[in-house]
Amino acid sequence: MSILKIARLGHPILCKKASPVDNISDPNITKLIHDMTETMLDAKGIGLAAPQVYSSKQVIIFRSLENQTKEDSHIKITALINPKINKISDDTENQWEACLSIPGMLGLVKRYSKISYEGFDMNGNIIKQEAEGLRARIVQHEYDHLMGILYTRRLVDKKAFGYADEIEEYWKKKHEQK
Ligand code: ZN
C-alpha cells in the first residue's frame, strides 16, 4: 500500500465527473481502495473519494464512526464502488464540514439528514444501507466529489467559510452563546 498525494482545491480533477468502474474485480481498483485507505488514515480523514487522489473513478471510502467501542479500537472502513444515494426524507441539517482537498478550512453546509446509499464493495457484493447524521453527511460529501462538486458550492451562507481557527473563534463560540 502507498500513501497518495491529495488533490487540492483549484485542481481541475476535483471539478470533473468521475466515470463508473466497469470491472470491479480489476486488481487496479483493489489497489486503489487500499491506497485510498492508507492515504485517508494518514491524513486523519473520515472519508475520501478517488478523484481526490487523481483517479477519476466512482470509488469512495469512509470510516464507520458508529458502534465503535473502546474495547474494539479496530477502524472499520467502508468502500463503495459506483455508489448511488437517495434522500429518505426532506429533513436537512446544517453542519461544519472539512475536506482533505481544502486543508485547514471549514464551511457550513446543508445536507439531507437521512439517506439511503448503495453500491458495490471490493468483492462485487451489493451494499445497501441507510444512514443518518454524520454518516449521512460523509456519504453525501464523498458522493459529491464523484459529481465534481466541492462543499464550497453548497455553503449555507457565502460568509460561512474560512480557516478552522477563525471559525471556531467567531462562528462556533458565538453560536454556543445563543
Ligand atoms: Zn472532501
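To start, this report covers the structure provided alongside it. (Residues numbered from 1 in each chain as written. Predicted model: local features only at pLDDT ≥ 70, side-chain atom pairs only at ≥ 80, totals over all residues. Heavy atoms only, no water.)

1. As for the coordination of the zinc ion
Stage number 1. Surrounding the zinc ion are the protein donor atoms Cys 99 (SG), His 141 (NE2) and His 145 (NE2), which sit 2.0 to 2.2 Å from the metal.
Stage number 2. Here the donor residues of the zinc ion share one chain and are spaced in sequence as C-x41-H-x3-H. You can see Cys 99 sitting in the loop between strand E4 (92-97) and strand E5 (105-112) and its partner His 141 sitting in helix H2 (residues 133-146), a full 42 residues away along the chain. Per residue, the accessibility class of Cys 99 equals that of His 141, and both read buried. (Donors = N, O, S within 2.8 Å, 3.2 Å for Na, K, Ca; no water. Helix = DSSP H or I, 4+ residues; strand = E, 2+ residues; numbered from the N terminus. Buried < 20%, exposed > 50% of the residue type's maximum accessible area, 1.4 Å probe, protein only.)

2. Section: the sheet that holds E5
Paired through backbone hydrogen bonds, the strands of a sheet run either parallel or antiparallel to each other.
Stage number 1. Spatial strand order, E4-E5-E8: three strands in an open sheet with antiparallel pairing. Unpaired on one side and paired on the other, E4 and strand E8 (161-163) mark the two borders of the sheet. For this sheet, the mean angle separating the axes of adjacent strands, direction not counted, is 25°.
Stage number 2. Two strands pair when backbone bridges link them, and E5 and E8 are joined in this way by three bridges, in the antiparallel orientation. By the bridge assignment, Gly 107 is partnered in E8 with Phe 161. (Pairing = 2+ DSSP bridges. Axes fitted to C-alpha atoms, helices over the stretch in contact; angles between N-to-C directions.)

3. Overview of the environment of Arg 135
Stage number 1. With respect to the helices, strands and loops of the structure, Arg 135 is situated in helix H2.
Stage number 2. Arg 135 sits 72 residues away from Arg 63 along the chain, and the two C-alpha atoms are 8.6 Å apart.

4. Observations regarding the packing of aromatic side chains
Stage number 1. Evaluation of the coordinates by the stated rule reveals three aromatic pairs.
Stage number 2. Ring geometry for Phe 62 against Tyr 117: centres 5.8 Å apart, planes inclined by 90°, an arrangement best described as edge-to-face. Pair noted here: Phe 62 is in strand E2 (residues 59-63) and Tyr 117 is in strand E6 (residues 114-120), with a separation of 55 residues, a long-range link.
Stage number 3. Summarising the aromatic geometry, the rings of Trp 96 and Trp 171 are spaced 5.6 Å apart at their centres and angled 75° between planes, so their arrangement reads as edge-to-face. Linking Trp 96 in strand E4 with Trp 171 in helix H3 (residues 164-177), this pair joins segments that are 75 residues apart in sequence.
Stage number 4. With relative accessibility at 18%, the residue Trp 96 sits in the buried group. (Phe/Tyr/Trp six-rings, centres within 6.5 Å; stacked < 30°, edge-to-face > 60°.)

5. Points about H2
Stage number 1. If you check H2, its first and last C-alpha atoms are 21 Å apart, about what 14 residues at 1.5 Å a residue would give, namely 20 Å.
Stage number 2. Within H2, 12 of the 14 residues are buried, which leaves the element mostly enclosed by the surrounding structure.
Stage number 3. Those residues of H2 not exposed but buried are Arg 135, Ala 136, Arg 137, Ile 138, Val 139, Gln 140, His 141, Glu 142, Tyr 143, Asp 144, His 145 and Leu 146. (Expected span 1.5 Å × (residues − 1).)

6. Observations regarding the sheet that holds strand E7 (residues 126-132)
Stage number 1. Taken in spatial order, the five strands make up an open sheet running E1-E2-E3-E6-E7, and their pairing is antiparallel. The open sheet has two free edges, formed respectively by strand E1 (47-49) and E7, since each of these has just one partner strand. Strand-to-strand twist across the sheet, computed as the mean angle between neighbouring axes with direction ignored, equals 40°.
Stage number 2. Note: E1 against E2, three bridges, orientation antiparallel. Counterpart to Leu 48 in the pairing with E2 is Ile 61.
Stage number 3. Most of the contacts of helix H1 (residues 27-42) go to E2, to which it runs at about 40°, and overall it touches E1, E2 and strand E3 (77-87).
Stage number 4. Along the sheet face, H2 touches E1, E2, E3, E6 and E7 and points at about 155° away from the line of E2. (Contact = heavy atoms within 4.5 Å.)

7. Quick look at the pairing of E2
Stage number 1. Burial analysis of E2 places four of its five residues in the buried class, the great majority of the element.
Stage number 2. Here five bridges tie E2 to E3, and the two strands are oriented antiparallel to one another. Each residue of the ladder has a partner; that of Phe 62, found in E3, is Thr 78.

8. Quick look at the environment of Asp 42
Stage number 1. Relative to the assigned elements, Asp 42 resides in helix H1.
Stage number 2. Each C-alpha atom, one on Asp 42 and one on Ser 113, is 28 Å from the other, the two residues being 71 residues apart in sequence.

Geometric descriptors of this kind do not, in isolation, establish any biological role.
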